[in-house]
Amino acid sequence: MKHSYFYYFYHFTILLTIILGYNKAFSQKHDFNRLQTIFTWDGDFGVAKIEVDSIRDTIMYGPIFTKNYLPFRNNICMSDSLGNFIFGSNCIEVFDRNFNLMRFGDSLSKIGSYSDKTMYPPQDEVQYGYPSGFINPIPLPGKANEYVFFHTTWYFDELRRYSQALHYCRIDMNVQNGIVVEKNELIHANATDKPILIKHGNGVDWWMISANRWNTDIYIYLINSQGIIGPKIKQVGTAADSTKWYQLIYNHNRLSASPDGDVIASQKTSCVDFFKFDRCSGDISMIQKVSQFELVSSFMFINAFEWSSYSNNYFYSIRSELFQINTENQDEIAPPKKVGQVTSPYGISFFNRLFNKMIVGQFRSISSPPFLGIVSDSELSGAKPQLSSNLFYNFPAHSPIGNFGFLPNNPNYYLGKVTSSGVCKEDTYFNNALMSNESFTKDGKEYYKLLRKFE
């Protein structure tokens, strides 16, 4: 059958878009593999790879290929620069490329400092605490085949509040199947749920941004060939209202970064703060506070939030409703607009950006069927994205359940150098005198601790 010129042009345009989007998102391919624990109705379970068919806007699972490594809510995985899977972790143990326990990969988030013993069975029965947050690994600048990832653990603080502490874990892949060099290394206490990672404007180093769970302190760390340097602490954003008890209990800063690294969002109980972030200096400044709702009960809060793949839309959910904030004009950030609603009685549980799509879902429970779908055209102009019909599709076999459905977060791998100004001016704060590196030997090899402290 003979096709028109328009037919070929249309399909060529789709193919070109897919190729360009693919190269942008996976210029280094370190986040190429996205693994998820799935359960089937016949009772089988295990880890499978999740992918999106961009042409048909459908979500696809590969076959179950291991039961050794089950990524729970704390689910990270790392690929090499060619896209080959090399290790993963559920923040309890670290597994190698063959899904076997990596050497020294046990006892992550172990019971001890900043991990409350009273929250778990006796220590002789369970050797780990409950990990609460995670972020995907990044390659260490200046270190060949070495990686670091960050995670948080629950503990009771001095006021008997549930709080979180931020730690890091370091992997050396220069030996066969890798070893864990450092683990459970405390960075700071009273951390927010999980940190965010943004590529430095020089295209080599990284910024790691965390926050205090209870106030407006933002912690900024520089990760370069010298290690993890900082923090530079800046007080910025909307403070908690001391007259509203729920603002003093829930996580006051739930951070996320736009894919271009220029804007940071701090999701709070009834508003979201948008900050401008300088990828060269690490400076952060307030752009705008956007009110989302006024809490009427302790059971109403933002369920999930995520950025669109091209950074101009911020999505969040309240129960079963999906909202969008357009940030394209940072001087006049648009107010929230309702763009969709699902029929699940328990609403939207999670968002995850995957390739240039965004996965929206609700976990399966005893009383609620699952759904898993995608916001397919989140970059259309105007207030409303195109919601894929798959949003309401119940998967009869492969379905997320409980805390098993979370995918690893994208840590903005594809950000390159800042070229608009021609000069990437760094903050002199991070050039201050540091204490000498502390050395140690692991598996016959000498290392220096990553965390660097100021004199």
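Read on for a plain summary of the structure.

About the cut-offs
Residues numbered from 1 in each chain as written. Predicted model: local features only at pLDDT ≥ 70, side-chain atom pairs only at ≥ 80, totals over all residues. Heavy atoms only, no water. Helix = DSSP H or I, 4+ residues; strand = E, 2+ residues; numbered from the N terminus. Buried < 20%, exposed > 50% of the residue type's maximum accessible area, 1.4 Å probe, protein only. Contact = heavy atoms within 4.5 Å. Areas by Shrake-Rupley, 256 points an atom, 1.4 Å probe, with all protein chains shown as cover. Phe/Tyr/Trp six-rings, centres within 6.5 Å; stacked < 30°, edge-to-face > 60°. Salt bridge = Lys/Arg side-chain N within 4 Å of Asp/Glu carboxyl O. Polar contact = N/O pair within 3.5 Å; in protein donor to acceptor, adjacent residues only side chain to side chain. Pairing = 2+ DSSP bridges. Axes fitted to C-alpha atoms, helices over the stretch in contact; angles between N-to-C directions. Core = buried A, V, L, I, M, F, W, Y, C linked by side-chain atoms within 4.5 Å. Disulfide = S-S within 2.5 Å.

1. Regarding the overall build of the protein
Scanning the protein from terminus to terminus reveals one helix and 29 strands. For the protein, buried positions account for 55% of its 455 residues. Of the contacts made within the protein by residues no fewer than 6 positions apart, 53% connect residues no fewer than 24 positions apart. For the protein, the accessible area works out to roughly 20100 Å², and carbon and sulfur atoms hold 53% of it.

2. A closer look at the packing of aromatic side chains
Scanning all chains against the criterion turns up 17 aromatic pairs. For the ring pair Phe87 and Tyr147, a centre distance of 5.7 Å and an interplane angle of 65 degrees mean the geometry is edge-to-face. Taken together, the residues Phe87 in strand E5 (residues 85–89) and Tyr147 in strand E8 (residues 146–156) connect sequence positions 60 residues apart. Summarising the burial analysis for this pair, Phe87 and Tyr147 share the class buried. On the basis of an interplanar angle of 40 degrees and a centroid distance of 6.5 Å, the ring pair of Tyr314 and Tyr316 is categorised as tilted.

3. Comments concerning the pattern of salt bridges
Where charged atoms from two side chains of opposite charge come close, those side chains can pair. Tallying each qualifying case throughout the model produces eleven salt bridges. Of the charged contacts in the structure, one is a salt bridge between Lys449 and Glu185, with a shortest N-O distance of 3.1 Å. With Lys449 in the loop between strand E28 (445–448) and strand E29 (451–452) and Glu185 in strand E10 (residues 179–188), the pair connects residues that are 264 residues apart, well separated along the chain. The exposure class assigned to Lys449 is partly exposed, which follows from its relative accessible area of 21%. A residue is classified by how much of its surface remains accessible, and Glu185, at 22% relative accessible area, is partly exposed. Across the salt bridge formed by Asp283 and Lys234, the nearest N and O atoms sit 3.0 Å from each other. In this pair, Asp283 sits in the loop between strand E17 (271–277) and strand E18 (284–291) while Lys234 sits in strand E14 (residues 227–235), placing the two residues 49 residues apart along the sequence.

4. Focus: the side chain of Thr327
Mapped onto the elements, Thr327 comes out in the loop between strand E21 (321–326) and strand E22 (337–341). Of note is the side chain of Thr327, whose polar atom sits 3.2 Å from the backbone oxygen of Ser311. Apart from residues lying up to four places away in sequence, Thr327 is in contact with Phe274, Trp307, Ser311, Asn312, Asn313 and Ile333.

5. Quick notes on the sheet that holds strand E2 (residues 45–53)
Spatially, the three strands line up as an open sheet ordered E1-E2-E3, and their pairing is antiparallel. Across the chains shown, the open sheet's two edge strands, defined by having one partner strand only, are strand E1 (35–39) and strand E3 (58–61). Direction aside, neighbouring strands of the sheet carry axes that sit 50 degrees apart on average. The pairing of E2 with E3 spans four bridges and is classified as antiparallel. Along E3, the bridge assignment pairs Val52 with Ile59.

6. Remarks on the pairing of E14
Relative to E14, strand E13 (residues 217–224) runs antiparallel, the two sharing seven bridges. Across the sheet, residue Leu222 finds its bridge partner in E14, namely Ile229. Adjacent in sequence and paired antiparallel, E13 and E14 are bridged by two residues. Relative to E29, E14 is paired through two bridges, and the arrangement is parallel. Residue pairing in the sheet places Ile228 in a bridge with Leu451 of E29.

7. A few points about the nonpolar core
Counting residues in hydrophobic clusters, the biggest one holds 33 residues, and the most contacted among them are Phe87, Val94, Phe149, Phe150, Ile171 and Ile223. Secondary structure elements with two or more residues in this core: strand E4 (76–79), E5, strand E7 (131–139), E8, strand E9 (162–172), E10, strand E12 (206–211) and E13. Ignoring anything within four residues of it in the chain, the contact list for Ile171 reads Phe87, Val94, Met102, Asn145, Glu146, Tyr147, Phe149, Ile179 and Val180. Counting residues in each nonpolar core, the second largest holds 19 residues, with Trp207, Val236, Ile264 and Phe277 among its members.

8. Section: the environment of Asn136
Take Asn136: it is sitting in strand E7. Taking the C-alpha atoms as reference points, Asn136 and Pro408, 272 residues apart in sequence, are found 6.1 Å from one another.

9. Structural notes on the state of the cysteines
Across all of its chains, the model carries one disulfide by this definition. Residue Cys280 pairs covalently with Cys424 via a disulfide, S to S 2.1 Å. Of note, the bridge from Cys280 to Cys424 carries an S-S torsion of about -120 degrees and is left-handed in sense. Remark: Cys424 occurs in the loop between strand E26 (386–387) and strand E27 (439–442) and Cys280 occurs in the loop between E17 and E18; sequence separation between them is 144 residues. A relative accessible area of 7% places Cys280 in the buried class. The exposure class assigned to Cys424 is partly exposed, which follows from its relative accessible area of 24%. Between Cys91, a free cysteine, and Cys169, which holds the nearest cysteine sulfur, the sulfur-to-sulfur gap is 8.3 Å. Judged by relative accessible area, which is 0%, Cys91 ranks as buried.

10. Considering unusual backbone geometry
In this model, Gly230 is joined to Pro231 through a cis peptide bond whose omega is 10 degrees. Within the secondary structure, Pro231 is located in strand E14. Non-glycine residue Phe104 carries a positive phi angle of around 65 degrees. Its place among the elements puts Phe104 in the loop between strand E6 (94–96) and E7. Among the residues examined, Phe104 registers a relative accessible area of 28% and is labelled partly exposed. You will see that Asn145, though not glycine, has its phi angle at about 60 degrees, which is positive. Here Asn145 is to be found in the loop between E7 and E8.

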